[in-house]
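Chains, contacts and geometry: an overview
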Amino acid sequence: MKDKIAVIQKAIPLADQVYRALKEAIVQGRFRPGDRLVEAEVANMLGVSRTPVREAFRRLQQEGFITVEARGARVSKLTKRDILEIYACRRVLEGLAANLAARNRTEEDLKAMADALDRAEQAIAAGLLDEAVRWNIAFHDHLIRAGGNLHLMRLMDSLRTYAIQYRTVVLHLRPRPLSVVEEHRQIFEAIAQGDAPWAEDLMKMHIANDMRTVEEGLLED
């Protein structure tokens with residue numbers, strides 16, 4: 001049985017807290033695709049009864065994160081087609097995000113992106129690919145926020161929660177994991193220079209490279 005995954009607060013409805021805690025644990029990879037979630041064990045981890053756990057399972061199943069089974073659930077697995085379709089959406093939306101970031105970024109945004117790049121590069125050099133993935137995701141998140149489009153942020157957040165658990169796999173499949181950071185640095189330079197069309201093109205090429213990695217490296221389901 002895993003350790004506690006969140007601290008429950010009395011002021012917020014239990015079902016909402018359990019739902020958020022489980023969703024975050026799935027997104028962060030603490031529960032991996034195919035893992036079984038036993039209702040009683042989840043309730044014990046969170047220090048709650050089974051009722052809010054059942055409600056959280058119902059909501060997570062509606063969103064496609066789990067499949068409910070007898071006395072529990074199982075974390076959903078995305079097919080190769082699912083992953084490619086998500087990347088196809090990301091290519092268009094994050095291309096727009098890079099374009100907006102080049103137009104609207106602040107010095108604080110640039111500093112946050114640069115820091116994420118440095119930390120990702122250090123993690124790869126140390127062989128810590130899971131940590132590198134977290135900093136690569138942070139770079140994308142800072143970039144999207146720098147664009148300042150709230151509706152785009154919401155759309156990207158929805159895609160992010162589905163794709164995040166597979167980014168470590170993609171990084172492992174890259175012949176040179178450092179190439180991801182190198183591509184990020186090119187995007188960063190275009191944003192820093194305020195070159196919106198070039199930032200958009202570079203982002204689309206970057207995600208197309210990830211799509212090619214998935215296409216060539218993952219087996220069909």
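In case you missed it, the structure is sitting above this.
What follows covers the overall build of the chain. Within the chain, the regular secondary structure consists of 10 helices and 3 strands. Ordered by position from the N terminus, the helices and strands of the chain form the series α-β-α-α-β-β-α-α-α-α-α-α-α. In terms of overall dimensions, the chain is globule-like: its C-alpha atoms have a radius of gyration of 19 Å, near the 17 Å expected for 221 residues. Principal-axis analysis of the C-alpha atoms gives the chain an extent of 55 × 40 × 30 Å. Per-residue burial for the chain yields a buried fraction of 44% across its 221 residues. In the chain, 75% of the contacts between residues at least 6 apart in sequence involve partners at least 24 apart. The distance from the centre of the 33 positive side-chain charges to the centre of the 33 negative ones in the chain is 6 Å.

A word on the pattern of salt bridges. Scanning all chains against the criterion turns up 14 salt bridges. In this structure, the salt-bridge partner of R59 is D16, at a minimum N-O distance of 2.8 Å. Taken together, the residues span a long stretch of sequence, with R59 in helix α3 (residues 50–62) and D16 in helix α1 (residues 14–27) at a distance of 43 residues. On the basis of relative accessibility, which here comes to 24%, the residue R59 falls in the partly exposed class. In this structure D16 comes out as partly exposed when scored by relative accessible area, which is 24%. Put simply, D118 and R185 hold a salt bridge, and the shortest N to O gap is 2.8 Å.

What follows covers the nonpolar core. Residues M113, F139, L143, I187 and I191 are the most contacted members of the largest nonpolar core, which totals 45 residues. Elements represented by at least two residues in this core include exactly α4 (80–104), α5 (107–125), α6 (129–147), α7 (150–163), α8 (167–173), α9 (178–192) and α10 (196–217). When residues of this core are assigned to their parent elements, the largest contribution, 10 residues, is made by α4. Those residues in contact with I191 that sit more than four places away from it in its chain are A98, A101, A102, R105, L110, M113, L143 and A199. The next biggest cluster of nonpolar side chains, apart from the first, holds 21 residues, and it includes A25, L46, V48 and L60.

When two helices pack together, you describe them by how their axes are tilted relative to each other and by the distance separating the axes. Remark: helix α2 (residues 39–46) packs on α3, axes separated minimally by 9 Å, with the N-to-C direction vectors making an angle of 115°. The angle between α2 and α3 falls in the class roughly perpendicular. The hand of the α2/α3 crossing is right-handed. Together, E39, A40, V42 and A43 of α2 and R50, V53, R54 and F57 of α3 make up the contact between the two elements. Broken down by class, the residue content of the contact of α2 with α3 amounts to 5 nonpolar, no polar and 3 charged.

Taken together, the 3 strands give an open sheet; going across it, the order is β1-β3-β2, and neighbouring strands pair in antiparallel fashion. Two strands in the sheet have a free side with no partner beyond their single neighbour: β1 (36–38) and β2 (66–69). Neighbour-to-neighbour, the strand axes of the sheet open up by a mean angle of 25°, direction not taken into account. Bridge count for β1 against strand β3 (residues 72–75) is 3 bridges, and the pairing is antiparallel. Within β3, the position partnered with R36 by the bridge is R74. Sheet strands touched by α2: β1 and β3. Its angle to β1, the strand with the most contacts, is close to 70°. The sheet strands contacting α3 are β1, β2 and β3, and the helix crosses β2 at an angle near 130°.

Here we come to the packing of α4 against α10. In contact at an axis separation of 7 Å, α4 and α10 are set at 165° when each is read in the N-to-C sense. In terms of their interaxial angle, α4 and α10 are classed as roughly antiparallel. Like other packed secondary-structure pairs, α4 and α10 cross with a definite hand, here right-handed. Its residues assigned to classes, the contact of α4 with α10 comprises 15 nonpolar, 2 polar and 9 charged.

Reading the values: rules and limits
- Each chain has its residues counted from 1, running along the sequence as written.
- Where local features are concerned, this predicted model is filtered to residues with pLDDT of at least 70; where side-chain atom pairs are given and counted, the filter is 80 or more; whole-chain, interface and lining totals use all residues.
- Side-chain measures were taken over the full set of non-hydrogen atoms in the model, leaving aside hydrogen atoms and water.
- Only DSSP runs of H or I covering at least 4 residues are called helices, and only runs of E covering at least 2 are called strands; the numbering of each starts at the N terminus.
- Just to be clear, the radius of gyration here is over C-alpha atoms, and the globule rule we use is 2.2 Å times residues to the power 0.38.
- Only protein chains enter the accessibility calculation, which uses a 1.4 Å probe; a residue whose area is less than 20% of its type maximum is buried, one above 50% is exposed, and one in between is partly exposed.
- Any two residues having at least one pair of non-hydrogen atoms within 4.5 Å are treated as being in contact.
- Asp and Glu are treated as the negative residues and Lys and Arg as the positive ones, with His and the ends of the chain left uncounted.
- Just so you know, the charge point we use is NZ for Lys, CZ for Arg, CG for Asp and CD for Glu.
- What makes a salt bridge here is a side-chain nitrogen of Lys or Arg within 4 Å of a carboxyl oxygen of Asp or Glu, nothing more.
- Residue types Ala, Val, Leu, Ile, Met, Phe, Trp, Tyr and Cys, when buried and joined through side-chain atoms within 4.5 Å, form a set referred to as a nonpolar core.
- Think of each axis as a best-fit line through the C-alpha atoms, taken over the contacting stretch in the case of a helix, with angles from 0 to 180 degrees between the N-to-C directions.
- Here roughly perpendicular refers to angles of 65 to 115 degrees, roughly parallel to angles under 35, roughly antiparallel to angles over 145, and oblique to all remaining angles.
- In this scheme the crossing of two helices becomes right-handed for a clockwise turn of the near helix relative to the far one and left-handed for an anticlockwise turn of less than a right angle.
- Asp, Glu, Lys and Arg are counted as charged, while Ala, Val, Leu, Ile, Met, Phe, Trp, Tyr, Cys and Pro are counted as nonpolar; the rest, among them Gly, fall into the polar class.
- When DSSP finds two or more bridges between a pair of strands, those strands are recorded as paired.

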